[in-house]
Amino acid sequence: MSELMIANTPHSMPRIGEKAPDFEAVTTHGTLRLSDYAGSWLILFSHPADFTPVCTTEFIAFQEIYPELKKLGVELLGVSVDSLYSHIAWTRNIEEKMGVKIEFPIVADLDMNVAKTFGMIMPEEHSTEAVRAVFIIDDKQVIRAIIYYPLSAGRNMDEVLRLIQALKTADAHHVATPANWRPGDAVIVPTPSTVEAAEARMKEKDIEVIDWYLSKKKI
Amino acid sequence: MVACVTDRGNLSEQAKKLLELIKIQPKPAEQLAQLLDVPLFKVRASLREMTDAGLVVDTVEGYTVTEKGHEALQRQDD
């Protein structure tokens, strides 16, 4: 491969269904590895920079859903290319000025190792800051969902929480969740995969059969 | 500096609690996290640092205190 081709080769990023690449990093809670979270779910999220307005509102919002996430067995781990001391100063400032104590760790990713490994740098958006990426990683360290937002738009925590609830519900009951699903709503029963099963589905009485390929049930 | 040891050379509170829990009988990280009501990732990170510092060792039955770990605990009690 020529040097030009190597230079132009985009950095690969993990995809949904793949094992999340392990890393060891300095964080505000000491040195952590991604594999330390095995056995619990994890939201690994990046933010562009400390002491910036949108990121500050997002951190407060992440902290606000953290108790609910913990009840669901989900941890939070933030990442940005700022230094450890910047992270400490910023979280102290958030507590002092906005009255919110940030309880989850933040990776000081000065060498951009984590950001590059997870494809959090979008050069067309910014060459040295991570975009607003969210990686939902399950208890087996498999990436289950990825959300990307640009620098200008803060993330929606309702959706982050809803997505976790949808994934966990799908796992627990072997179902799928429809658009705008919320906990308590009907879920989608797996579509039959043979003509015979499709015929049988049309005769089922204990679920809501809209058609053979779209059936719902309450759980 | 390792987080399991303070800048004065004393064991951190977390390290002390972990050593106390495993000084008689080895325990796995999962059980220690439950007993301390601390997230598992924090216990794993602490045990790794304590392993690197030679205070504990991972065995088939779980983490147990080394001679160095017992000595460090003893110094705290003196």
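Residues numbered from 1 in each chain as written. Chains lettered and ligands numbered in written order. Predicted model: local features only at pLDDT ≥ 70, side-chain atom pairs only at ≥ 80, totals over all residues. Heavy atoms only, no water.

## Topic: the confidence of the model for chain B
Residues and elements named next belong to chain B.
Piece 1. Of all residues in chain B, 92% have pLDDT values of 70 or greater, and the mean over the chain is 90.
Piece 2. When pLDDT is averaged over each element of chain B, strand S2 (residues 62-65) comes out on top at 97 and helix H4 (residues 67-77) at the bottom at 89.
Piece 3. At the level of chain-chain contacts, confidence expressed as ipTM amounts to 0.83, with global pTM at 0.89. (pLDDT = per-residue confidence, 0-100. Helix = DSSP H or I, 4+ residues; strand = E, 2+ residues; numbered from the N terminus.)

## Here we look at the side chain of Thr-91 of chain A
Residue and element names in this part refer to chain A.
Piece 1. Counting through the fold element by element, Thr-91 comes out in helix H3 (residues 84-98).
Piece 2. Exposure remark for Thr-91: the relative accessible area of 15% places this residue in the buried category.
Piece 3. In this view, Thr-91 contacts Ile-102 and Ile-106; residues no more than four positions away in its chain are not counted. (Buried < 20%, exposed > 50% of the residue type's maximum accessible area, 1.4 Å probe, protein only. Contact = heavy atoms within 4.5 Å.)

## Re the packing of helix H1 (residues 13-22) of chain B against helix H3 (residues 40-52) of chain B
Residues and elements named next belong to chain B.
Piece 1. Closest axis-to-axis distance for the H1/H3 pair is 11 Å, and the angle between their directions is 85°. Overall, the two elements H1 and H3 adopt an arrangement that is roughly perpendicular. Contacts between H1 and H3 pair Gln-14, Ala-15, Leu-18 and Leu-19 from the former with Lys-42, Val-43, Ser-46, Leu-47 and Met-50 from the latter.
Piece 2. Of the residues that constitute the contact of H1 with H3, the class distribution is six nonpolar, two polar and one charged. (Axes fitted to C-alpha atoms, helices over the stretch in contact; angles between N-to-C directions. Parallel < 35°, antiparallel > 145°, perpendicular 65-115°, else oblique. Nonpolar A, V, L, I, M, F, W, Y, C, P; charged D, E, K, R; others polar.)

## Description of unusual backbone geometry
Piece 1. Residue Gln-141 of chain A is not a glycine yet carries a positive backbone phi of 70°.
Piece 2. By relative accessible area, Gln-141 of chain A is classed as buried at 6%.

## Examining the pattern of salt bridges
Residues and elements named next belong to chain A.
Piece 1. Tallied over the full model, the rule gives 13 salt bridges over all chains.
Piece 2. A salt bridge links Glu-204 to Arg-201; the nearest nitrogen and oxygen atoms lie 3.1 Å apart.
Piece 3. The buried category is assigned to Arg-201, whose relative accessible area is 9%. (Salt bridge = Lys/Arg side-chain N within 4 Å of Asp/Glu carboxyl O.)

## A short note on the side chain of Ser-12 of chain B
Piece 1. Relative to the helices and strands, Ser-12 of chain B resides in the segment before H1.
Piece 2. If near-sequence neighbours (up to four positions away) are discounted, Ser-12 of chain B is found in contact with Ala-3, Cys-4, Val-5 and Thr-6 of chain B.

## Digging into the sheet that holds strand S10 (residues 214-217) of chain A
Residues and elements named next belong to chain A.
Piece 1. Across the sheet, three strands lie side by side as S8-S10-S9; this open sheet has antiparallel pairing. Lying at the two open borders of the sheet, with one neighbouring strand each, are strand S8 (187-188) and strand S9 (208-211).
Piece 2. As paired strands, S9 and S10 are joined by three bridges and run antiparallel to one another. In the sheet register, Asp-211 faces S10, and the bridge partner there is Leu-214. (Pairing = 2+ DSSP bridges.)

## Concerning the interface of chain B and chain A
Piece 1. The interface of chain B with chain A comprises eight residues on the first partner and eleven residues on the second.
Piece 2. Together, Phe-41, Arg-44 and Arg-48 of chain B form the three largest contributors to the area buried by chain B at its contact with chain A, with a combined 70%.
Piece 3. At the boundary of chain B and chain A, one finds four residue pairs in polar contact (both at pLDDT 80 or more).
Piece 4. The residue inventory of the side of chain B that touches chain A, partitioned by class, reads four nonpolar, no polar and four charged. (Buried area = accessible area lost by both parts, 1.4 Å probe. Polar contact = N/O pair within 3.5 Å; in protein donor to acceptor, adjacent residues only side chain to side chain.)

## Observations regarding the nonpolar core
Piece 1. Core analysis: the biggest nonpolar cluster contains 29 residues, and Ile-43, Phe-45, Phe-59, Leu-69, Leu-76, Phe-104 and Ile-136 of chain A have the highest contact counts within it.
Piece 2. Elements with a contribution of two residues or more to this core: strand S3 (41-46), helix H2 (53-71), strand S4 (74-80), H3, strand S6 (132-137), strand S7 (143-149) and helix H5 (157-173) of chain A.
Piece 3. Looking at this core, the element that brings in the most residues is H2 of chain A, giving eight residues.
Piece 4. Within the second largest apolar cluster, 25 residues are counted, among which are Leu-77, Met-120 and Ile-137 of chain A together with Phe-41 of chain B. (Core = buried A, V, L, I, M, F, W, Y, C linked by side-chain atoms within 4.5 Å.)

## A closer look at the packing of H2 of chain A against H5 of chain A
The description of two packed helices rests on the angle between their axes and on the distance between the axes.
Residue and element names in this part refer to chain A.
Piece 1. Between H2 and H5, whose axes approach to 10 Å, the crossing angle comes to 30°. The orientation of H2 relative to H5 falls into the category roughly parallel. Note on packing geometry: the crossing formed by H2 with H5 is right-handed. Of the residues in H5, those touching H2 at Glu-58, Ala-61, Phe-62, Ile-65, Glu-68 and Leu-69 are Met-157, Val-160, Leu-161 and Ile-164.
Piece 2. Here the contact of H2 with H5 is composed, by residue class, of eight nonpolar, no polar and two charged. (Left-handed = near helix turned anticlockwise from the far one by under 90°.)

## Re the packing of aromatic side chains
Residue and element names in this part refer to chain A.
Piece 1. Evaluated as defined, the whole model comprises eleven aromatic pairs over all chains.
Piece 2. Between Phe-59 and Phe-104 the ring centres are 5.4 Å apart and the planes differ by 50°, which places this aromatic pair in the tilted class. Of the two residues, Phe-59 is situated in helix H2 and Phe-104 in the loop between H3 and strand S5 (106-108); the sequence distance between them amounts to 45 residues. Accessibility assignment for this pair places Phe-59 and Phe-104 in one class, buried.
Piece 3. By the ring-pair criterion, three or more aromatic residues cluster together here, those being Phe-45, Phe-59, Phe-62, Tyr-66, Trp-90 and Phe-104.
Piece 4. The ring of Tyr-66 carries the charged tip of Lys-70 above its face, separated from the ring centre by 4.4 Å. (Phe/Tyr/Trp six-rings, centres within 6.5 Å; stacked < 30°, edge-to-face > 60°. Lys NZ or Arg CZ within 6 Å of the ring centre and 35° of its normal.)

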